[in-house]
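Structural description and commentary
One-letter residues, chain by chain:
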Amino acid sequence: MALLEVRNLQTSFFTDAGEVKAVNGVSFDLERGKVLGIVGESGSGKSVTAYSIMQILASTAKIKEGSSIKLDGQELVGSGEKVMRTIRGNKVAIIFQDPMTSLNPTYTIGHQLMEAIMLHTDRNRAQAKERAIEMLRLVNINEPEKRMTQYPYEFSGGMRQRIVIAMALACEPDILIADEPTTALDVTIQAQILELMNSLQKELGMAIIMITHDLGVVAQMCDEVIVMYAGSICEQGTADEIFYNPCHEYTKGLMRSIPTVSGEEETLQPITGTPIDLLNMPTGCPFAPRCDAAMKICLRRCPENMDINSDHRAKCWMNVKQGVEDGSITLASGETAEQNTAEGGESNE
Amino acid sequence: MSDKLDKVSAQDAVAAPATETPLVEVKGLKQYFNINTGLFKSKPLKAVDGVSFSIKKGETLGLVGESGCGKTTVGRTLLHLYKPTAGEIYYNGKKIVTKADVDAFRKKAAMVFQDPYSSLNPRMTVSDIIGEPLDIHKLYATKEERTEKILELMDHVGLNSEHASRYAHEFSGGQRQRIGIARALAINPDFIVCDEPVSALDVSIQAQVINMFDELQDKMGLSYLFIAHDLLVVRHISNRIAVMYLGKMVELADANEIYSHPLHPYSKALMSAVPVPDPKIARANQRIALGGDIPSPLNAPSGCPFRTRCPYATEQCAAEMPEFREVSGGHFVACHNLDKAN
């Protein structure tokens, strides 16, 4: 059994303008000790997925019925605030993009660290202080005893993020959710933080969910990758599969739109158009309006999740088309037959 | 190390650089801000401390460095948005001294800002935003000509002309950045300072805007000073790249050269820290970890600013700032210990 099992997660925001399906049927597993990357553009639902796991959503948002989030076999959806309080910080911890806003500017670092420790464990003040200093040392803060009495403004951005990580790890969570942890930081500081997260992950054996839009960070950190677009997963698989064998047009587009490592003089191939308006979702594949390879069926029907191989799944009609062309998919049921005729019509045009 | 350098310089000696007048040249630019440290006390913050470079016509110079290194200040001071504390700025070989010089320079030099949200006035329509530089520099004779120019500019940057009467908030980030670029193009400039123009955009939109910068350069022969912290993007768009650290320029070289053979210990660490979007390379990548943080520019270290984090620092580094010297054709570095570092 996987450590975290998310099944058909649907989170919607109910606004005056209508229902915004920010997360629309997301399913994935997270194994112990693995790093899972969630990539996608702003508004693709990657942060809302994380907040749904923690249940720290805005009051206008609701996790809809039929969603399931199981942590170690325990169902979290609908479990109530009391149960969630034992989960948050203890079993699942989260760190946010901007370390300044996640620290209280009016309390010392020591106070905030100790508060988290005393809240979640039965350590007394002295023990909590000891633990806090130990954690600061773990994240490479020099002179931790002295630093305990300082306020957040006295630290640089990278150090603040390290303190937030120390706070998140103080109770030895099973899962650390990192929501764009290095986006606000400079590259050399980013390298420090990623290195730190990597070594701590190995040392403590926790699982990490890494939310980012930076494919470079994903390549460096993650074992498995989920690519999200318009609230649903369009492709998921191991990092190598996603980077070297992308099977969804959106993922392919993302890979083409970033400058390559070799730095050869080539024009970038951007994805045309703009991200979709979640209030006006199309009936078919959400990426179809921006997709260069879109076929008729893409606009009409949402593609099913399809196994590319044992480590790789994608939701794209192109794979069905390819499968039919090279004969690996046969017209088994009436369902697929209908799809294929629809496609056949398209390719004849 | 010396082998490598000799080889490079031999190559460059063959292809002798043309000695044309650079479009924009900066010599010893300094920009200090006075920071109040007490009731009657103040202290200079040396945001830019003696930076020199030149940009040829049609060239893109990338400027990289971490936050607080002064790269944005260089761009702003260059356009006299701040009055330089010291240093000389030349445009087409002519030194900019008087107010009239500045005005003339600004007719040919524009700026694109990082944040497409705060850099557009929410109370102005798109046509007013793009038309404002035309109004200021009186670049039209009749009202019809103004409208025509605005629509032409919108077309240039791929904006629908029907959107001319809309307000900035009705557009997405990428489209807003296009409005900002159209505004910069309004004066028909030779030179544009691009201050992190794509940092706030999503990856897929980022590529659209980068391609547009490329196309405009080809079409209009523009020169860019491209300030950014995303090194892969900078390398893609730039001919040459300058690396800044704490107000000083530490290295300047051809874009691919600085990426594949950085010489300064800071550039080396910076290049190795770039997250590479390729899992196999990323896993094998030996990152040079820099300890500590960038010091405050208010208490900059003596001598070489990087010495507090540099693994090769010696007493000499604390005593004097290394000279920014050319080690091979077009490759400038400021470091005392190049032999040790390479």
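This structure is a prediction, so every number in the text was calculated from the model and none was measured.

Observations regarding the overall build of chain B
Within chain B, the secondary structure is distributed over 13 helices and 12 strands. For chain B, the C-alpha radius of gyration of 21 Å lies close to 20 Å, the compact-globule estimate for 342 residues. Counting only C-alpha atoms and orienting by the principal axes, one finds that chain B spans roughly 65 × 55 × 40 Å. Out of the 342 residues belonging to chain B, those deemed buried represent 53%. Summed over its atoms, the accessible surface of chain B is roughly 15300 Å², and 50% of this surface lies on carbon and sulfur atoms. Distance from the positive charge centre (39 side chains) to the negative charge centre (40 side chains) of chain B: 5 Å.

Points about helix α3 (residues 99-106) of chain B
Working note: α-helix, 3.6 residues per turn, so residues spaced by three or four point in the same direction. All names here are of chain B. Regarding α3, the residues found buried are D101, V102 and F105. All buried residues of α3 fall inside an arc of 100° around its axis, so they share one side. Counted as exposed and oriented over 90 degrees from the buried face of α3: K99 and A100. At its buried positions, α3 is contacted by α2 (71-78), β4 (86-91), β5 (94-95), β6 (109-112) and β7 (191-195).

Considering the pairing of strand β10 (residues 224-229) of chain A
A regular strand places its side chains so that they alternate between the two faces of the sheet. Residue and element names in this part refer to chain A. Within β10, 5 of the 6 residues are buried, which leaves the element mostly enclosed by the surrounding structure. Note that strand β3 (residues 35-39) and β10 share 4 bridges and pair parallel. Opposite G37, over in β10, you have V225 as the bridge partner. In this sheet, strand β11 (residues 232-238) lies alongside β10 in antiparallel orientation, the contact comprising 6 bridges. Note on β11: the bridge partner recorded for V225 is G237.

Re the sheet that holds strand β8 (residues 223-227) of chain B
All names here are of chain B. Pairing within the open sheet is mixed, and its 8 strands lie in the order β6-β7-β8-β3-β9-β10-β12-β11. The open sheet has two edge strands with one neighbour each: β6 and β11 (325-328). Each strand of the sheet is rotated relative to its neighbour by a mean of 20°, with strand direction disregarded. By the bridge criterion, 6 bridges tie strand β9 (residues 240-245) to strand β10 (residues 248-254) in an arrangement that is antiparallel. Following the sheet pairing, V243 is matched in β10 by E251. Strands in contact with α2 are β3 (60-64), β6, β7, β8 and β9; relative to β8, the strand with the most contacts, it is inclined by about 145°.

Side note on the sheet that holds strand β8 (residues 175-179) of chain A
Residue and element names in this part refer to chain A. Spatially, 8 strands are ordered β7-β8-β9-β3-β10-β11-β13-β12 in an open sheet, and the strand pairing comes out mixed. Two strands bound the open sheet, and with one partner strand each, they are β7 (92-95) and β12 (306-309). Direction aside, neighbouring strands of the sheet carry axes that sit 20° apart on average. Bridging between β3 and strand β9 (residues 207-212) involves 5 bridges; their strand directions are parallel. Across the sheet, V35 pairs through a bridge with I208, a residue of β9. Running over the sheet, helix α8 (residues 187-204) touches β3, β8 and β9 and is turned about 155° from β9.

Observations concerning empty space enclosed by the protein
Inspection of the entire model under this criterion finds 5 cavities of 30 Å³ or more. Of the pockets and cavities examined, the largest cavity occupies roughly 80 Å³. Lining the largest cavity are 13 residues; nearest its centre among them are C285, C291, C298, C316 and W317 of chain A. In terms of residue class, the lining of the largest cavity is made up of 11 nonpolar, 1 polar and 1 charged. Of the pockets and cavities examined, the second largest cavity occupies roughly 60 Å³. Lining the second largest cavity we find H264, C304, F306, R307, C310, Y312, C317, P322, C335, H336 and N337 of chain B. Among the residues making up the lining of the second largest cavity, the classes are represented as 7 nonpolar, 3 polar and 1 charged.

Some words on unusual backbone geometry
The backbone of N8 of chain A shows a phi angle near 50°, a positive value even though the residue is not glycine. Residue position: N8 of chain A is located in strand β1 (residues 4-15). The class of N8 of chain A is partly exposed, set by a relative accessible area of 33%. The phi dihedral of L246 of chain B is positive, around 50°, even though this residue is not glycine. Position of L246 of chain B relative to the elements: it lies in the loop between β9 and β10.

Re the interface of chain A and chain B
If you look at the interface, chain A gives 44 residues, while chain B gives 36 residues. Buried surface at the junction of chain A and chain B, summed over both partners, amounts to about 3400 Å²; 56% is from carbon and sulfur atoms. When residues of chain A are sorted by the area they lose upon contact with chain B, T188, Y244 and V261 of chain A head the list and together hold 18% of the total. Counting across the interface, chain A meets chain B through 2 salt bridges. Between R283 of chain B and D240 of chain A there is a salt bridge whose closest N-O contact spans 2.9 Å. Where chain A meets chain B, there are 12 residue pairs in polar contact (both at pLDDT 80 or more). Listed by contribution, the elements that provide at least two residues to the side of chain A that touches chain B are α7 (157-169), α8, α9 (215-221) and α10 (239-244) of chain A. Per-element tally for the side of chain A that touches chain B: the top contributor is α8 of chain A, with 7 residues. In the side of chain A that touches chain B, the residues fall into 19 nonpolar, 16 polar and 9 charged.

Re the confidence of the model for chain B
Residue and element names in this part refer to chain B. Mean pLDDT over chain B: 88, with 94% of residues reaching 70 or higher. Across residues 1-17, confidence stays below pLDDT 50; counting only partners more than four residues off in sequence or on other chains, it has 10 contacts. Per the prediction output, this complex has pTM 0.83; the corresponding ipTM is 0.79.

Rules used in this analysis
- Residues numbered from 1 in each chain as written.
- Chains lettered and ligands numbered in written order.
- Predicted model: local features only at pLDDT ≥ 70, side-chain atom pairs only at ≥ 80, totals over all residues.
- Heavy atoms only, no water.
- Helix = DSSP H or I, 4+ residues; strand = E, 2+ residues; numbered from the N terminus.
- Rg over C-alpha atoms; globule rule 2.2 N^0.38 Å.
- Buried < 20%, exposed > 50% of the residue type's maximum accessible area, 1.4 Å probe, protein only.
- Areas by Shrake-Rupley, 256 points an atom, 1.4 Å probe, with all protein chains shown as cover.
- Lys, Arg positive; Asp, Glu negative; His and termini not counted.
- Charge placed at Lys NZ, Arg CZ, Asp CG, Glu CD.
- Arc of directions from axis to C-beta.
- Contact = heavy atoms within 4.5 Å.
- Pairing = 2+ DSSP bridges.
- Axes fitted to C-alpha atoms, helices over the stretch in contact; angles between N-to-C directions.
- 1 Å grid on protein atoms, 1.4 Å probe; cavity = no way out; pocket = protein on both sides within 12 Å on 5 of 7 lines; lining within 4 Å.
- Points joined across faces, edges and corners; volume = space filled by probe spheres on them.
- Nonpolar A, V, L, I, M, F, W, Y, C, P; charged D, E, K, R; others polar.
- Buried area = accessible area lost by both parts, 1.4 Å probe.
- Salt bridge = Lys/Arg side-chain N within 4 Å of Asp/Glu carboxyl O.
- Polar contact = N/O pair within 3.5 Å; in protein donor to acceptor, adjacent residues only side chain to side chain.
- pLDDT = per-residue confidence, 0-100.

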